[in-house]
Amino acid sequence: MQVVVITGVAQGMGRETAKLLAAEGYAVAGYDIDAEGIHSLQAELPGDHLLEVLDVTDLKGVLKFRDRVLKKFGQVDTVLSNVGIGFFGPFEEIDLTKAAKCLEINVIGTAAIFQAFIPHMRERRGGKLIAVSSLVGQIPFPFESIYTASKFAVEGLVHSMRLELEPFGIRMALIQPAQVSTSFAAKIHVLPPEGSPYRERVSRFINKDEEMIKTAPNPLQAARVIVDVVKNPQPKLDNQIDFKSKFFMGLNKVLPTKLRDIILLDTMDIK
């Protein structure tokens, strides 16, 4: 039986991934700060699993969780870092204290769960570490500067770690959705106050983003892609969720910066 650790397991892609894996006989260990979501997921999953309420920024708590997982299951085959929060607003106007918290959760939260299980995987000379990134981990979006920075950091972390860990048989992979149809964006979309020089453009950006979310893949569709990566013994480093993600990632690699900017600003209606 293979064991998969999932952070951010109570909602969205993490929850759907856990359900798919459990249905195929995998053991799931995971945590989330959402106690209600954890308890309801426990009731849904068939089989023997380990789900806990835990804050990803509790670094000592992450290590204790690691110890409980290894004691219960004896091994871990894959770690999926699905932790993350959004952050939205014109950079000039954002609260940097709140921005620091976003970076701590998205970047250090990913680093903590990976670092916790690397010694075990290194000793076994095998395993997979998978991080949920985003389209904005390669294509920066306006009004999402801090979230973009966090995902650029996650991608840099994974690319660097890959070079360190491959000699020990540990594989790295990134999941890079453009959008997933959840309440994720709606929770962070807040207009700047009246009188802000950014208000009108931000309003158009929000309207366009929320329109696009209506046709985005749902969490189950995204989870199916993640499960395929989990099951692949030699996963690709970059894994997009849908055609839109693949298309824009492809354009980003071949088009000059000026043309990429024109396409992005036109797509988001903020020229």
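All values derive from a computational prediction rather than experimental measurement.

The rules we used
- Residues numbered from 1 in each chain as written.
- Predicted model: local features only at pLDDT ≥ 70, side-chain atom pairs only at ≥ 80, totals over all residues.
- Heavy atoms only, no water.
- Helix = DSSP H or I, 4+ residues; strand = E, 2+ residues; numbered from the N terminus.
- Buried < 20%, exposed > 50% of the residue type's maximum accessible area, 1.4 Å probe, protein only.
- Contact = heavy atoms within 4.5 Å.
- Phe/Tyr/Trp six-rings, centres within 6.5 Å; stacked < 30°, edge-to-face > 60°.
- Pairing = 2+ DSSP bridges.
- Axes fitted to C-alpha atoms, helices over the stretch in contact; angles between N-to-C directions.

Colleague: Can you help me understand the environment of A22 in this one?
Modeller: Note on placement: A22 falls in helix α1 (residues 12-23). Under the relative-accessibility criterion, A22 is labelled buried at 7%. Along the primary structure A22 and G47 are separated by 25 residues, whereas in three dimensions their C-alpha atoms are 7.0 Å apart. Among residues more than four places away in sequence, those in contact with A22 are V28, L45, P46 and H49.

Colleague: Looking at this structure, I do not really get the packing of aromatic side chains. What am I missing?
Modeller: Aromatic rings considered in pairs are described by the distance between their centres and by the relative angle of their planes. Scanning the model with the defined rule gives 6 aromatic pairs in all. Measuring from centroid to centroid gives 6.4 Å for F141 and F205, while their planes differ by 85°, and the two rings are edge-to-face. Of this pair, F141 sits in the loop between β5 (127-132) and α5 (145-165) while F205 sits in helix α7 (residues 199-213), and the two are 64 residues apart along the sequence. Each member of the pair, F141 together with F205, is buried. Between F143 and F205, the aromatic rings sit 5.7 Å apart at their centres with planes inclined by 85°, giving edge-to-face as the arrangement. Of this pair, F143 sits in the loop between β5 and α5 while F205 sits in helix α7, and the two are 62 residues apart along the sequence. Grouping residues by exposure puts F143 and F205 together as buried. The structure contains a cluster of three or more aromatic residues connected by ring pairs, namely F88, F141, F143 and F205.

Colleague: Quick question: what am I supposed to make of the sheet that holds strand β7 (residues 238-240) here?
Modeller: Whether parallel or antiparallel, the strands of a sheet pair through hydrogen bonds between backbone atoms. Read from one edge to the other, the open sheet built from 7 strands follows the order β3-β2-β1-β4-β5-β6-β7, with strand pairing classed as parallel. Edge positions in the sheet fall to β3 (50-53) and β7, since each has one partner strand and no second. Across the sheet, the axes of successive neighbouring strands diverge by a mean angle of 15°, strand direction being ignored. By the bridge criterion, 4 bridges tie strand β4 (residues 78-81) to β5 in an arrangement that is parallel. Across the sheet, S81 pairs through a bridge with A131, a residue of β5. Of the strands in this sheet, β1 (3-7), β2 (27-32), β4 and β5 touch α1, which is tilted by about 165° from β1. Running over the sheet, helix α2 (residues 35-44) touches β2 and β3 and is turned about 165° from β3.

Remember that the coordinates give geometry; whether it matters functionally is a separate question.
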